[in-house]
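Read off the chains here:
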Amino acid sequence: MNTSRQLAEVERHDILKYPHRLNFYDKPPLDDVTIEEFEVCALNRLRILAEIESCYARNRPFDELCSITRKQCEKYLPMDASTSKTDLDAQRRVDHLGHFVLRLAFCRSEELRRRFVKAETALFRVRYDLEGQVAPLDRRAFLNSRAFAWVQVDSQEKAMYASQLQSSSLGTKDEEYYKVFCPPLTTFSVAQQYAQVKWTRVPDLVEKRRVFLKGGWAYVPSRDQSSIVFQEFQMNLEKALEITAKALPRLDEDTRLVPLLNNLSQGFLAGVPSEWNATTAGDEIKADMVDELARKHFPACMRNLHDNLKRDHHLKHFGRLQYGLFLKVLGLSIEEAMLFWRRSFSGYTDDQFNKNYKYNIRHSYGLEGKRANYPAKSCQQILTMDQPGSTDNHGCPYRHFSPDNLQTALLSMYSAQGLTSADIPEILSTVKAGHYHVACTRVFEITHANRGVKKGEGVGGGESITHPNQYASRSRELEKAAVEAAKVEDGDVVMAG
Amino acid sequence: MAVEELDPSSPEVMLAFYRRLYPFKSIFKWLNHEHTPTRLFTNREIAYTLQSDVYLRYNSFTTFEEFKKQTCTLNPTRFEIGPVYTARPRDKKTIRPGAFQPIQRELVFDIDMTDYDSIRTCCSGADICKRCWGFIAAAVRVLDSAIRDQFGYKYLLWVYSGRRGIHLWVSDREAMELTDEQRRAIANYLTVVQGGKDMHKKVNVRIGTKDPVLPASIQAALELLIEPFGDLILEDQDCFKKDEGWEDLLKLIPNEQVTAKLRTKWNSDEGRSSEAKWKDLRDLVKDMLKKTPERAAVKAAMEDIILQYTYPRLDAEVTKHRNHLLKAPFCVHPKTGRVCIPVDPEIVDEFDPKLVPTVGQLLRELDAAISEPGSEEHTDWEKTSLKPYVDMLDRHTAGLMNEVRIGKRAADMSW
């Protein structure tokens with residue numbers, strides 16, 4: 001009975017054009033496609049990818065990203081497991097086709113390629129994980145269908161490096177990832193399987209020191225082998241996109257496709273808000289105003305940089321970058337910025353300042369070098385990129401200060417605005433749990449309570465801080481509103497009685 | 001009688017140095033991996049810093065003679081080596097921007113003494129003495145063994161940076177071809193001391209929630225660092241002697257009973273040596289009940305302290321990107337006049353930055369040597385104390401070239 005069912009399945013696999021739900025997209029679709037189908041497949045897939053991008057932009061944890069993506073997939077790109085009776089080939093063909101159309105649309109610039117690879121790899125991860133939960137055998141079959149060139153580590157070698165392997169296979173801080181990807185962690189045993197690959201194939205595991213390294217080989221425990229698969233997927237796609245980009249000029253002859261592809265790639269760019277850009281006209285600020293603004297409206301990271309700048313008359317490179325771009329977006333023009341930095345670096349001669357810092361400041365305003373108009377750094381960038389070294393001041397105080405320094409810093413920065421030591425334990429406990437933006441949002445709520453901001457309201461509608469400029473501009477909006485309200489009350493236009 | 005020091009910032013001195021002493025051929029062979037120029041040399045960016053502080057990027061050369069000629073013409077204060085690009089850097093302006101990409105580059109590391117300013121007690125800022133070199137020596141030992149043993153690279157060239165740091169250039173084929181992502185991985189893998197000025201505990205690398213342990217690679221580093229911690233931190237630098245020093249130490253111990261006891265004791269005994277203080281801490285741990293979580297926590301903290309004070313502090317940005325420029329070996333540091341010579345990691349402890357030859361000293365040696373008529377100018381370094389260092393680079397390059405030759409021969413057999 002059982003065997004006959006298995007047999008039936010095997011037969012079905014044979015007749016299916018797409019035997020697996022997962023796909024490495026090695027070969028392009030070669031059938032005829034109508035122009036509508038071409039567009040619809042691509043648009044539906046694009047919706048999913050855009051959602052994934054916005055999850056990244058909002059810094060959502062991976063399990064949330066997973067559930068959101070799955071919902072989107074059910075809606076726009078349903079794919080049933082191999083046991084289902086639906087027309088599997090048709091579903092999988094749509095998946096295949098959509099992927100390749102978007103490759104055409106997104107291969108044309110470095111930036112688009114990078115984003116496409118990131119979103120597609122995330123989609124693959126979500127599906128790979130789902131397949132592992134609902135159809136582990138199918139996933140195994142899929143993996144077996146490709147050669148991943150990993151060498152199983154034999155028991156002799158395993159015994160030789162037992163203690164080193166053990167320490168790399170212990171629990172991990174990256175629990176978010178694990179909840180999603182791994183069965184409950186088993187303690188180390190000889191039964192644990194390891195695969196040996198060149199370390200360059202698993203840079204993500206190396207970076208987090210989750211594999212044991214010896215002579216350039218990484219010993220990857222079986223629970224982390226998915227990492228090799230994702231890396232392979234990503235590398236394949238990167239290479240394929242570059243090849244497509246080179247071949248693309250020849251496609252330009254088809255006048256029906258080019259506008260369509262242009263339209264698709266623009267949709268990807270416009271659909272997703274990823275940076276803060278909200279300087280309203282007439283909002284320009286002057287160098288003289290920075291001190292007061294800092295006191296009243298700046299989030300802790302910028303307050304800290306400002307205070308350090310006042311004290312030391314200097315900031316190191318990443319500090320200048322983080323603070324300078326923030327001020328730029330806040331509305332400080334290049335002339336005012338030059339004035340501000342010149343005054344702040346009071347210990348330097350004009351000559352030193354012009355030689356060492358002027359270029360840098362002009363560069364961040366897009367006036368030097370490649371003339372890019374750099375956006376201000378978001379919380380995500382501040383939290384995860386360019387980690388402060390032992391003598392740096394930049395970064396996020398909630399993350400990069402030790403608890404007692406954070407406490408002192410917060411009280412000295414914000415007690416004038418209503419932060420008391422009674423509020424500290426709550427903030428510190430959020431910090432301890434790693435929710436730095438929640439802590440920052442809470443400080444915003446406390447310091448703006450006199451403007452009517454209630455707990456849980458955040459920067460409006462319960463939204464939490466994701467960008468230092470968002471903090472500052474909301475704070476200024478609230479002040480402006482309060483001033484207006486005061487005017488109205490004082491004036492003679494008061495009607496309500 | 002004190003000999004008047006030749007000023008390294010004078011153009012005449014630098015020109016004489018480039019014309020007569022700088023080992024262009026050795027540098028060429030080291031970058032090129034072969035005797036005849038390949039893309040590794042011809043598509044390589046050289047960036048000059050001129051006497052007027054103008055920075056000239058995207059120079060490239062087809063031969064080492066051309067390299068020497070241009071260097072003598074421009075007579076820079078120093079120059080830096082960048083990546084190998086898809087095309088010749090000097091043609092950059094004529095190439096479509098997308099087609100000009102860095103593809104290969106030695107894997108490089110930079111350790112700078114300024115990152116140790118918060119712990120060293122002997123000097124600060126730009127100063128360096130034999131005593132602070134201990135930090136660099138410990139860092140070199142850890143990094144050298146990690147890269148050879150864990151990453152399996154063989155061709156490591158350590159170069160003194162001329163003032164207060166050291167550079168490492170890894171020339172293995174695989175290392176040359178690493179992507180930025182892989183370079184970032186290796187830099188982060190090797191970065192252990194993290195957190196800004198306002199973070200006391202800068203070492204947070206343990207894994208596991210119950211009885212967290214150090215990753216195997218860092219355990220190995222720790223074993224190399226126990227000795228330098230004793231010699232350097234406790235004895236030589238005496239880091240915990242002053243109030244600030246030991247207060248910093250107490251902040252790293254996660255047990256209030258222990259810190260309270262130590263604080264009382266140390267307050268009443270001003271000037272108690274670091275060694276004695278570290279022993280006090282160890283004695284307290286010995287008295288704690290075995291196998292309790294408290295004892296394990298303090299012991300783990302002690303290991304983390306050793307790492308925080310001695311583990312290499314990398315300038316990770318230098319490592320992360322292929323297109324980062326780094327000062328070439330054998331350049332002269334414009335402030336100190338010292339030559340950036342290769343350093344043998346085996347005897348890095350004995351290295352004394354104050355004994356590194358200066359450009360002035362070398363030129364005097366050259367004047368003292370009787371010049372033989374008709375001898376080639378660009379091998380004049382053989383008559384000076386630069387010779388052992390150029391020989392060191394040449395030996396290093398010979399190994400590298402041999403490897404390339406073997407690799408090529410194997411490829412030739414593929415028919």
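If you're wondering where the values come from, they're calculated on a predicted model, not measured in any experiment. (Residues numbered from 1 in each chain as written. Chains lettered and ligands numbered in written order. Predicted model: local features only at pLDDT ≥ 70, side-chain atom pairs only at ≥ 80, totals over all residues. Heavy atoms only, no water.)

A. Examining the overall build of chain A more closely. When its secondary structure is counted, chain A shows 23 helices and four strands. For chain A, the proportion of its 497 residues judged to be buried stands at 47%. Once local pairs closer than 6 in sequence are excluded, the contacts in chain A between residues at least 24 apart make up 70%. On chain A, roughly 25,200 Å² of surface is accessible, and the fraction owed to carbon and sulfur atoms is 54%. (Helix = DSSP H or I, 4+ residues; strand = E, 2+ residues; numbered from the N terminus. Buried < 20%, exposed > 50% of the residue type's maximum accessible area, 1.4 Å probe, protein only. Contact = heavy atoms within 4.5 Å. Areas by Shrake-Rupley, 256 points an atom, 1.4 Å probe, with all protein chains shown as cover.)

B. View of the layout of surface pockets. All names here are of chain B. Its volume calculated, the second largest pocket comes out at about 640 Å³. Together, 26 residues line the second largest pocket, and Ser-118, Ile-119, Glu-244, Gly-245 and Asp-248 are the ones closest to its centre. Among the elements that make up the lining of the second largest pocket, the one with the highest residue count is helix H9 (residues 243-251) (four residues). Of the residues belonging to the lining of the second largest pocket, the class tally is five nonpolar, nine polar and 12 charged. (1 Å grid on protein atoms, 1.4 Å probe; cavity = no way out; pocket = protein on both sides within 12 Å on 5 of 7 lines; lining within 4 Å. Points joined across faces, edges and corners; volume = space filled by probe spheres on them. Nonpolar A, V, L, I, M, F, W, Y, C, P; charged D, E, K, R; others polar.)

C. Molecular detail of the environment of Ala-300 of chain A. All names here are of chain A. Position of Ala-300 among the secondary structure elements: in helix H14 (residues 300-312). Residue Ala-300 is classed as buried on the basis of its relative accessible area, which comes to 0%. Spatially, the C-alpha atoms of Ala-300 and Leu-406 are 9.6 Å apart, while their sequence positions differ by 106 residues. Those residues in contact with Ala-300, other than ones at most four positions away along the chain, are Pro-397, Tyr-398, Leu-410, Met-413 and Tyr-414.

D. Spotlight on empty space enclosed by the protein. Residues and elements named next belong to chain A. Across all of its chains, the model carries four cavities of 30 Å³ or more by this definition. By volume, the largest cavity is sized at about 120 Å³. Residue lining of the largest cavity: 13 residues in total, with Cys-301, Cys-379, Cys-396, Tyr-398 and Cys-440 positioned closest to the centre. Residue assignment for the lining of the largest cavity shows that the elements contributing at least two residues are H14, helix H18 (379-384) and helix H22 (436-447). Here the residues of the lining of the largest cavity sort into 12 nonpolar, one polar and no charged.

E. Expanded view of the UniProt feature "binding site: [4Fe-4S] cluster" (unreviewed entry) in chain A. All names here are of chain A. Per the UniProt entry, the sites bearing "binding site: [4Fe-4S] cluster" (unreviewed entry) are Cys-301, Cys-379, Cys-396 and Cys-440 in this numbering. The annotated residues occupy 140 residues of the chain but converge on a single region, no pair of C-alpha atoms lying more than 10.2 Å apart. Lining the largest cavity, from this annotated set, are Cys-301, Cys-379, Cys-396 and Cys-440. Positionally, Cys-301 belongs in helix H14. With respect to the helices, strands and loops of the structure, Cys-440 is situated in helix H22. Residue classification places Cys-440 among the buried positions, given a relative accessible area of 8%. Excluding anything up to four places from it in sequence, Cys-440 contacts Pro-299, Tyr-398, Ile-465 and Tyr-471. (UniProt positions renumbered as here; feature names shortened; annotations may be inferred.)

F. Region of interest: the sheet that holds strand E7 (residues 165-170) of chain B. Read from one edge to the other, the open sheet built from four strands follows the order E5-E7-E6-E9 (chain B), with strand pairing classed as antiparallel. At either end of the open sheet lies a strand with only one pairing partner, and these are strand E5 (107-112) and strand E9 (342-343) of chain B. (Pairing = 2+ DSSP bridges.)

G. Layout of helix H15 (residues 317-330) of chain A. Residue and element names in this part refer to chain A. Taking 1.5 Å per residue as the helical rise, H15 with its 14 residues ought to reach 20 Å, and the 20 Å between its terminal C-alpha atoms agrees with that figure. Counting buried residues along H15, 11 of its 14 residues qualify, which places the element largely inside the surrounding structure. All of the buried residues along H15 are Gly-319, Arg-320, Gln-322, Tyr-323, Gly-324, Leu-325, Phe-326, Leu-327, Lys-328, Val-329 and Leu-330. Phi for Gly-331, located one or two positions after H15, is positive at around 120°. (Expected span 1.5 Å × (residues − 1).)

H. Spotlight on unusual backbone geometry. A positive phi angle is found at Asp-386 of chain A, which is not glycine, with a value near 45°. Note on placement: Asp-386 of chain A falls in the loop between H18 and helix H19 (397-400). When its relative accessible area of 18% is taken as the criterion, Asp-386 of chain A is described as buried. Its identity as a non-glycine residue notwithstanding, Asp-238 of chain B has a phi of 50°, on the positive side. As for its position among the elements, Asp-238 of chain B is in the loop between helix H8 (216-236) and H9.

I. Quick look at the sheet that holds strand E1 (residues 151-152) of chain A. Residue and element names in this part refer to chain A. Taking strand neighbours across the sheet as the criterion, the four strands line up as E1-E2-E4-E3 in an open arrangement whose pairing is antiparallel. Each edge of the sheet is formed by a strand with only one pairing partner; in this case those strands are E1 and strand E3 (212-214). One ladder, built from three bridges, connects E3 with strand E4 (residues 217-221); its direction is antiparallel. If you follow Leu-213 over to E4, its bridge partner there is Ala-218.

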